[in-house]
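Residue-level structural notes
In case you want the letters, here they are:
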Amino acid sequence: MDHESFRRYAHEFVDWIADYLENIERFPVMSRVKPGEIRSKLPASPPEEGEPMERIFADFKEILLPGMTHWQHPGWHAYFPANNSPESILGEMLMAGLGAQGMSWLTSPAATELEDLVMEWLRGILGLPAGLQGVIQDTASTATLAALISARERATDFESNESGLRRPLIAYASTETHSSIEKGVKIAGYGRQNLRVIPTDAAFAMRPDKLEEAIRADKAAGFQPAVAVATLGTTSSGAVDPLRPIGEICARHGVWLHVDAAYAGTAAVCPENRWILDGAEYLDSFVFNPHKWMLTNFDCSAYFIRDPGALIRTFEIHPEYLKTGADPYVKNYRDWGIPLGRRFRALKLWFVIRSYGTAGLRAFVREHLRLARLFRDWVAAEPGFEVPAPVHFGLVCFRWNGGRNEEESARINKALMDRLNASGEIGLTHTVLGGKFTLRLVIGSRLTEERHVRRAWELIRTTAAGIISA
Ligand SMILES: *Cc1c(COP(=O)(O)O)cnc(C)c1O
């Protein structure tokens, strides 16, 4: 494609994106295609000769778009958000245009130095302890894996990198922990049977007394406790593990404390939410995703670490072909994680933080929290419905509980979810809390306003009434 054609299509595509975001409510939130439907409409083999962009773009709109689920829709209440913003999209566009790869300082000094600065900004914006240093990872799963591997190395005095694990190390997380912890424990060589699953209290938060008990039992049995993962904002219900008592226990036993705040970390932009960080002085590593609730389009995961030396010593490699004269004076982020190649993700984050300002970010979060509490209050006041977990963030768990038994209630809640998702107006998902089928409604889309949440609640009430009376 020549430069003039690129210019023309780029303008056309930007117009398309702007129209899409402006009119996104016309699309059903959840895609309605059947498994295999999209693939069946596409040619099985690649074209021998290149095709014109008009044709490719037409297929994108006609064939692929119906197979998309619209995460930026104001009725998006499923999973957690992955919100974007025009500012972030513009940054992402420039990043693609530059096509640079920031594996070391020399391969794009601005990429490294802006990442260094933006992560220091973020640390301050969240009120995390001074001295933590940040690096951007692709996802929280990767950041958590890096934490588990660093903890493994520290626990073995950096010997397992050399000779492999000689004896088991033990990891701790609550029953409500995200699946990425179990995945990381498997990959990092701990072994799933060495993951201790700590019970939670009535609010689904980790019980520190049970953590202490488990660590003591492991020590008495001759095992080595190495790492504990505390979650701020669990996936099922948004529960907050108490950092201070957990941190004190970890410090006493020499256990690495990793904090998974993938979704809810963004809430700490508001000082009134920083109670979740009480005890943060104990943490060794912390991850949260600006690509979830902070207006930065996927992917962008912020990873903070107390002792970058332990991270670098775990991950650094020095093949001759990567050595540069600048190495003694600069950060080479390739040594701060698993991949060698790195996207210039700091650029879109910088665009977002500068455009919104810290006050704009706080206002954004506060509005979502206001809407979530409003919705919670409506549900809690409605006979036949209950809110089974505290609402700390934008996630509200709720369920219809009028069945003759739990089985009947579960069946009705499931039917309710399926009908709501088929409506095209809203999308939500479920979990199981305390053994009971529970619906989750998350407010986190940039485009969600009070009128959307009112409509969602009306739809839930009338749909539930329809199912029950049928
Ligand atoms: C979303 C989430 C993750 C996984 O995030 P990825 O960036 O998709 O890997 C991990 N933990 C929690 C608590 C989450 O909410």
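Shown above is the structure to which this text applies.
My aim in this report is to walk through the structure given alongside it, one point at a time. All figures in this text were calculated on a predicted structure; none of them were measured in a lab. (Residues numbered from 1 in each chain as written. Predicted model: local features only at pLDDT ≥ 70, side-chain atom pairs only at ≥ 80, totals over all residues. Heavy atoms only, no water.)

Thoughts on the pairing of strand β3 (residues 195-198)
For clarity, the threshold we go by: Paired strands, in this sense, are two strands between which DSSP finds at least two bridges. Each helix is a run of DSSP H or I of at least 4 residues and each strand a run of E of at least 2, with the numbering of both proceeding from the N terminus. Crossovers are marked right-handed if the path from the first strand over the helix to the second runs clockwise, as seen with the strands pointing away from the viewer.
Two strands pair when backbone bridges link them, and strand β2 (residues 169-174) and β3 are joined in this way by four bridges, in the parallel orientation. Paired with tyrosine 172 across the strands is arginine 196, a residue of β3. One crossover worth recording links β2 to the parallel β3 by way of helix α8 (residues 179-187), and it is right-handed.

Some remarks on a negative patch on the surface
What counts, and what does not: Only residues whose relative accessible area exceeds 30% and that form no salt bridge are eligible for patches; like-charged ones are grouped when within 9 Å, while nonpolar side chains (Val, Leu, Ile, Met, Phe, Trp, Tyr) are grouped when within 5 Å. Under the convention used here, a 1.4 Å probe and the Shrake-Rupley method define accessible areas, while residue burial counts only the protein chains that appear. The working definition used for a salt bridge is a side-chain nitrogen of Lys or Arg within 4 Å of a carboxyl oxygen of Asp or Glu. Positive residues here are Lys and Arg, negative ones are Asp and Glu, while His and the chain termini are left out of the count. Charged groups are reduced to one reference atom each: NZ for lysine, CZ for arginine, CG for aspartic acid, CD for glutamic acid. Burial here depends on accessible area, computed with a 1.4 Å probe over protein chains only, as a share of the maximum for the residue type. Under 20% is buried, over 50% is exposed, and the range in between is partly exposed.
Taken together, the side chains of Glu12, Asp15, Asp19, Glu22 and Glu54 make up a negatively charged region of the molecular surface. Per element, the largest residue contribution to the negative patch is four residues, and it comes from helix α1 (residues 3-22). Along the chain, the position of glutamate 12 falls in helix α1. Residue glutamate 12 is classed as partly exposed on the basis of its relative accessible area, which comes to 34%.

Quick notes on the side chain of serine 88
Note the following rule: In what follows, a contact means two residues having at least one pair of non-hydrogen atoms within 4.5 Å.
Looking at the secondary structure, you find serine 88 in helix α4 (residues 86-98). Those residues in contact with serine 88, other than ones at most four positions away along the chain, are Leu295, Thr296, Asn297, Lys348 and Val352.

Re the pattern of salt bridges
By the definition in use, this model includes 36 salt bridges. With its nearest N and O atoms 2.4 Å apart, the salt bridge here joins arginine 343 to glutamate 92. A residue pair is termed long-range when its members are at least 10 positions apart, and arginine 343 in the loop between α12 (308-315) and α13 (346-380) and glutamate 92 in helix α4 qualify at 251 residues. Among the residues examined, glutamate 92 registers a relative accessible area of 17% and is labelled buried. The shortest N-O distance in the salt bridge between glutamate 159 and arginine 166 comes to 2.8 Å. You can call glutamate 159 partly exposed: its relative accessible area is 37%. Taking the relative accessible area as the measure of exposure, arginine 166 reaches 66% and is therefore exposed.

Overview of the site of the ligand
The condition that has to hold: Put simply, a residue is near a molecule or strand once any heavy atom of it comes within 4 Å of that molecule or strand. Counted as a polar contact is a pair of N or O atoms within 3.5 Å, where, for protein atoms, one must be capable of donating a hydrogen and the other of accepting one, and residues adjacent in sequence contribute only when both atoms are in side chains. Both site types are read off a 1 Å grid over the protein atoms alone. A 1.4 Å probe that fits but cannot get out defines a cavity, while an open set with protein on both sides within 12 Å along at least five of seven lines defines a pocket; lining residues have an atom within 4 Å of a point. Each molecule is assigned to a cavity or pocket provided more than half of its atoms lie within 2 Å of the corresponding grid points. Amino acids are sorted into nonpolar (Ala, Val, Leu, Ile, Met, Phe, Trp, Tyr, Cys and Pro), charged (Asp, Glu, Lys and Arg) and polar (every other residue, Gly among them).
The immediate surroundings of the ligand are formed by 14 residues, with Ala140, Ser141, Asp260, Asn289 and Lys292 found nearest. In the environment of the ligand, an oxygen atom lies 2.8 Å from a nitrogen or oxygen atom belonging to the backbone of alanine 140. Between the ligand and asparagine 289 there is a distance of 2.9 Å, counted from an oxygen atom to a side-chain nitrogen or oxygen. Protein coverage of the free-state accessible area of the ligand, which is 380 Å², stands at 87%. Because more than half of its atoms lie within 2 Å of the grid, the ligand is assigned to the second largest pocket. Among the secondary structure elements, those contributing two or more residues to the shell around the ligand are α6 (140-155) and α11 (290-293). Residue composition of the shell around the ligand, by class: four nonpolar, eight polar and two charged.

Things to note about the nonpolar core
What counts is decided by this rule: As used here, the term nonpolar core means buried Ala, Val, Leu, Ile, Met, Phe, Trp, Tyr and Cys residues forming a set that is joined through side-chain atoms within 4.5 Å. Residue ranges assigned to the domains are those given by an automatic or database domain assignment.
One finds Leu122, Leu126, Leu232, Phe286, Phe288, Phe304 and Phe393 to be the most contacted residues of the largest nonpolar core, which totals 67 residues. In terms of residue count, α13 provides more of this core than any other element does, nine residues in total. Residue assignment places this core across two domains, with domain 1 (1-30 + 69-83 + 357-470) and domain 2 (100-343) each supplying three or more. The contact partners of phenylalanine 286, leaving out residues within four places of it in the chain, are Leu126, Leu128, Leu232, His258, Val259, Ala261, Leu277, Ala302, Tyr303 and Phe304. Counting residues in each nonpolar core, the second largest holds 31 residues, with Ala146, Ala147, Ala262 and Ile305 among its members.

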